[in-house]
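Each chain, written out:
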Amino acid sequence: MTAYDVIVLAGGAAKRLGGADKPGVRVGGRALLDRVLAACDGAARTVVVGDRRATARPVLWTREVPQGGGPLAALGAGLKLTTAEYVLVLSADLPFLGPGTVDALLAAAGEPGSEGALCTDPDGHDQPLVAAYRAEPLRRELALIATEYGSLTGLPLRILTAELELARIDAGPDAAFDCDTWDDIAAARARIREHGAVLDEWITSVKNELGIELDVDTGVLLDLARDAAHGVARPAAPLTTFLVGYAAARASAGAGPDEAAAAVAEASRKATALALRWEAEAAESAGQGGDAAGGPAGGAKPDAGREGTGTS
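It should be emphasised that the depicted structure is a prediction, and the values quoted were computed from it without experimental measurement.

## A few points about the packing of helix 9 (residues 218-231) against helix 10 (residues 236-251)
A pair of packed helices is characterised by two quantities: the angle between their axes and the separation of those axes.
Then step 1. Contact pair helix 9 / helix 10: the axes reach a minimum separation of 8 Å and the direction vectors enclose 135 degrees. Between helix 9 and helix 10, the angle falls in the class oblique. In the crossing of helix 9 with helix 10, the sense of the turn from one axis to the other is right-handed. Where helix 9 abuts helix 10, its residues Leu221, Leu224, Ala225, Ala228 and Ala229 lie against Ala236, Ala237, Thr240, Thr241 and Val244.
Then step 2. For the contact of helix 9 with helix 10, a count of residues per class yields 8 nonpolar, 2 polar and no charged.

## Observations regarding helix 11 (residues 257-287)
Then step 1. When the terminal C-alpha atoms of helix 11 are compared, their 45 Å separation across 31 residues agrees well with the 45 Å that a helix rising 1.5 Å per residue should span.
Then step 2. Among the residues of helix 11, Ala260, Ala261, Ala263, Val264, Ala267, Ser268, Ala271, Thr272, Ala275, Ala282 and Ser285 are the ones counted as buried.
Then step 3. Close packing links the buried residues of helix 11 with helix 9 and helix 10.

## A few points about the packing of aromatic side chains
Then step 1. Applying the stated criterion across every chain yields a total of 1 aromatic pair.
Then step 2. Sitting over the ring of Phe177, Arg191 keeps its end group 4.7 Å from the ring centre.

## A word on the pattern of salt bridges
Then step 1. Under the counting rule described, the total for this entry stands at 13 salt bridges.
Then step 2. For Arg140, the salt bridge identified is with Glu115, shortest N-O distance 3.1 Å. Of this pair, Arg140 sits in helix 4 (residues 135-149) while Glu115 sits in the loop between helix 3 (99-109) and strand 7 (116-120), and the two are 25 residues apart along the sequence.
Then step 3. When its relative accessible area of 32% is taken as the criterion, Arg140 is described as partly exposed.
Then step 4. With a relative accessible area of 16%, Glu115 lands in the buried category.
Then step 5. The residue Arg140 makes a salt bridge to Glu141 at a minimum N-O spacing of 3.0 Å.
Then step 6. Residue classification places Glu141 among the buried residues on the basis of a relative accessible area of 9%.
Then step 7. Each member of the salt-bridge network shares a partner with another, and the members are Lys22, Asp93 and Asp180.

## Topic: the environment of Gln67
Then step 1. Here Gln67 shows up in the loop between strand 5 (60-62) and helix 2 (71-79).
Then step 2. Put simply, Gln67 and Thr153 are 86 residues apart on the chain and 9.2 Å apart in space, counted from C-alpha to C-alpha.
Then step 3. Side chain to side chain, Gln67 and Arg63 meet in a polar contact 3.5 Å long.

Thresholds, definitions, all that
Residues numbered from 1 in each chain as written. Predicted model: local features only at pLDDT ≥ 70, side-chain atom pairs only at ≥ 80, totals over all residues. Heavy atoms only, no water. Axes fitted to C-alpha atoms, helices over the stretch in contact; angles between N-to-C directions. Helix = DSSP H or I, 4+ residues; strand = E, 2+ residues; numbered from the N terminus. Parallel < 35°, antiparallel > 145°, perpendicular 65-115°, else oblique. Left-handed = near helix turned anticlockwise from the far one by under 90°. Contact = heavy atoms within 4.5 Å. Nonpolar A, V, L, I, M, F, W, Y, C, P; charged D, E, K, R; others polar. Expected span 1.5 Å × (residues − 1). Buried < 20%, exposed > 50% of the residue type's maximum accessible area, 1.4 Å probe, protein only. Phe/Tyr/Trp six-rings, centres within 6.5 Å; stacked < 30°, edge-to-face > 60°. Lys NZ or Arg CZ within 6 Å of the ring centre and 35° of its normal. Salt bridge = Lys/Arg side-chain N within 4 Å of Asp/Glu carboxyl O. Polar contact = N/O pair within 3.5 Å; in protein donor to acceptor, adjacent residues only side chain to side chain.

Function cannot be inferred from these measures alone, as they are strictly geometric.
What follows is the structure in C-alpha cells.
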C-alpha cells in the first residue's frame, strides 16, 4: 500500500450554514470530520487545519496565518507538517468518502508522469479537496505561487491545480458529495438511512463509538438472531447475540482483529446450531401432541416472535 500523509481542511467559515461548526455537525451520529478521518486511517501522519476539537483518532493541528486565508493558504500550512511522498488532501465535510476512493486516488497519483489525482463530481467538475498529490511538485508549485502573488492568502485552488499534471477519478456520486448547506446535511442524513445502507452505517458508527476495530459477518449475526427468535422466543435474539459477543471476547482476549472476527463466527455457529436444535425439539413435541405440560418442549413457542424481529 502507498505510504501517505493526509491534510484535512477544517477551518472554513461555513457561511452557507450560518456560521455553524461544520466539521462538528453530525451525520449518522458521527461528526463530519470523524467520518473523513475514518476513511483515511491508514495515513502515516494526519494534519487537520482548523480549530482544535475532540476527534475519533489522534491528529496534528495547525492553522493558516492569518486565519481565514482560504483553502490554498490552509493547504500550505498543513503541508509544512507532512513528510510522506504522497499527500492526500480532503475537506472536512465529505460524509460518504470511503477507503476505496482513497486507494484509487493514491494509485492514480502514483502512475508514471502523474503529479497527483483528483475526483470529479457527477457534473464533471474537478474536486481538488478530494485528491492525492505527490508532495514534491505540490511544494514546488505552492512556493512559486507564493512568490508570484506575495502570499497564498485569498487565492483559489484552481491556480494550483492548473499547474499540475493531474489524473481524474470518477468515484461515483457519493465520494465527492460535500455538505455546504443545511439541505446537503439533511440529504446526507436521509441517505444513510436508506434501506440498502442503514445497517452498514449503523454498525460502522457503533464500532467507532466503542473504539472497536473488528470486521464481522453481519449476515451471520442476523441469521443467528432470526433463528433464536423463531426457534426459542423473540427476546432470545438480542440476548443471544450479546452472549455471542461476550464469548467471542473471552475466547480472543489479547488476540488481533482477525482472531476476534473468527471467534465471533465460531460462537455464532455454535449458538445457531443450538437454536436450531431447540426449534427441532419444539416441532417434534408439537407433532407428538406436546409434552406432559400440554405444550411444546421447554415451553417454547416456535412461531412466537418471528413477526416484527426485522431478521426474517
